[in-house]
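Structure at a glance
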Amino acid sequence: MRRLFPLTALPAPASDVENAQVAAIDGMDRPWTLDELADAYAYPAADDPARAGRTGWLRANMVSSMDGAAHHEGRSQPLSSDADMRIFGVLRGLADAVVVGAETVRKEGYRPARAREAFAARRAAAGQGPAAAIAVVTAGLGLDFSLPLFTEPLVPTLVLTGAGAPADRVAQARAAGAEVLFAGEGLGVDPARVAGVLAERGHARLLTEGGPKLLGQFAAAGALDEMCLSLAPVVAVGDAPRIMDGPAVPVPERFALASVLEEAGFLFTRYRRS
């Protein structure tokens, strides 16, 4: 793996030669440790100006083919790589909660996030639990509550829905051990309220893994703070959706490029709200 942007430079008064040496090492294709990746993808500090007025920080992690497909035959795994999965694991290792749509839970066979020794000290220092909670966004709660996501989580799985959700399904979710949170007045969730509702539960570092409909709703509501996009060097063709599939926005929102890593032709980009 190598960093393409930004290349590190030593602080003044480092010489031009020293800066060139550091930049050369930074751009060298070499194995990266999990700690290095965790530093590269660290959430912005609470006093970062980018977080002004935000109750939490919602980042997305998605993979796309060169021709814009968000998945192949319904699953994202065929577009992924070893490096993509390492970054996937690091992003989960840094998050308080992973926010995901019910359809993605069903298609991808979601399981609870697991504790990893590599992130234990970092999470303890940040006041986090042993693993991220999985927060499932659903209107009708059409979920199988006998699955390990609900029966075997290290930390209770969260179900995000609207106040008008079916009462019997809410009761079933709670009976299965899930914590049901209301983030909307109607049947479904108001995407603009998700970060605030989760922050009230102490989950300020948020990661969403889609799917495209949920991510599109977050983006259209102005709730997305950061986009971690893996661009796979493959062509999928077909009729798979883009990584975002939601209502159109009046004016396209601009994000600023924060970093680019590369391995085996995959580009791992990170964009932050401008």
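Presented here is an overview of the structure given in this document. It should be emphasised that the depicted structure is a prediction, and the values quoted were computed from it without experimental measurement.

1. Some remarks on the overall build of the chain
Assigned secondary structure in the chain consists of nine helices and 10 strands. For 274 residues, the compact-globule estimate of 2.2 N^0.38 gives 19 Å, and the chain sits close to it at 19 Å. The proportion of buried residues among the 274 residues of the chain is 45%. Contacts in the chain between residues at least 24 apart in sequence constitute 69% of all its contacts with a sequence separation of at least 6.

2. Quick look at the sheet that holds strand β2 (residues 57-64)
The mixed open sheet is built from 10 strands, whose spatial order is β1-β9-β10-β8-β2-β7-β3-β4-β5-β6. Here the strands that pair on one side only, and so sit at the sheet edges, are β1 (2-5) and β6 (179-182). Each strand of the sheet is rotated relative to its neighbour by a mean of 25 degrees, with strand direction disregarded. Along the sheet, helix α3 (residues 82-94) contacts β2, β3 (97-101), β4 (133-137), β7 (205-208), β8 (226-231), β9 (255-263) and β10 (266-273); its crossing angle with β2, the most-contacted strand, is approximately 165 degrees.

3. Some thoughts on helix α9 (residues 212-220)
P212, L214, L215, G216, F218 and A219 are the residues of α9 that are buried. The inward-facing, buried residues of α9 abut β2, β3, β4, α8 (194-200), β7 and β8. One or two positions beyond α9, positive phi appears at G222, with a value near 70 degrees.

4. So, the packing of α3 against helix α5 (residues 117-125)
In the contact formed by α3 and α5, the axes pass within 9 Å of each other and the chain directions differ by 30 degrees. One element, α3, and the other, α5, form an angle in the roughly parallel class. Handedness of the α3/α5 crossing: right-handed. Here G89, V90, R92, G93 and L94 of α3 come into contact with α5, specifically with F119, R122 and R123.

5. Notes on the packing of aromatic side chains
Counted under the stated rule, the structure contains two aromatic pairs. Seen in terms of ring centroids, F145 and F150 are 5.0 Å apart; in terms of plane orientation they differ by 75 degrees. Their pairing is edge-to-face. Looking at F150, the relative accessible area reads 5%, which means it is buried. Summarising the aromatic geometry, the rings of F266 and F268 are spaced 6.1 Å apart at their centres and angled 10 degrees between planes, so their arrangement reads as stacked. Across this residue pair, the class does not change: F266 and F268 are buried. The side chain of R59 reaches across the aromatic face of Y43, ending 4.1 Å from its centre. Across the ring face of Y41, the terminal group of R270 is positioned such that the distance to the ring centre comes to 5.9 Å.

6. Brief notes about the pattern of salt bridges
As a working rule, side chains carrying opposite charge can pair if their charged atoms are close by. For the structure shown, the criterion picks out 17 salt bridges. Two residues, D225 and R273, come together in a salt bridge whose shortest N-O distance is 3.6 Å. Here D225, found in the loop between α9 and β8, pairs with R273, found in strand β10; they are 48 residues apart in sequence, far enough to count as distant. Overall, D225 belongs to the buried group, its relative accessible area being 2%. In this structure, a network of salt bridges that share partners links the residues R54, D225, E253 and R273.

The rules behind these values
Residues numbered from 1 in each chain as written. Predicted model: local features only at pLDDT ≥ 70, side-chain atom pairs only at ≥ 80, totals over all residues. Heavy atoms only, no water. Helix = DSSP H or I, 4+ residues; strand = E, 2+ residues; numbered from the N terminus. Rg over C-alpha atoms; globule rule 2.2 N^0.38 Å. Buried < 20%, exposed > 50% of the residue type's maximum accessible area, 1.4 Å probe, protein only. Contact = heavy atoms within 4.5 Å. Pairing = 2+ DSSP bridges. Axes fitted to C-alpha atoms, helices over the stretch in contact; angles between N-to-C directions. Parallel < 35°, antiparallel > 145°, perpendicular 65-115°, else oblique. Left-handed = near helix turned anticlockwise from the far one by under 90°. Phe/Tyr/Trp six-rings, centres within 6.5 Å; stacked < 30°, edge-to-face > 60°. Lys NZ or Arg CZ within 6 Å of the ring centre and 35° of its normal. Salt bridge = Lys/Arg side-chain N within 4 Å of Asp/Glu carboxyl O.

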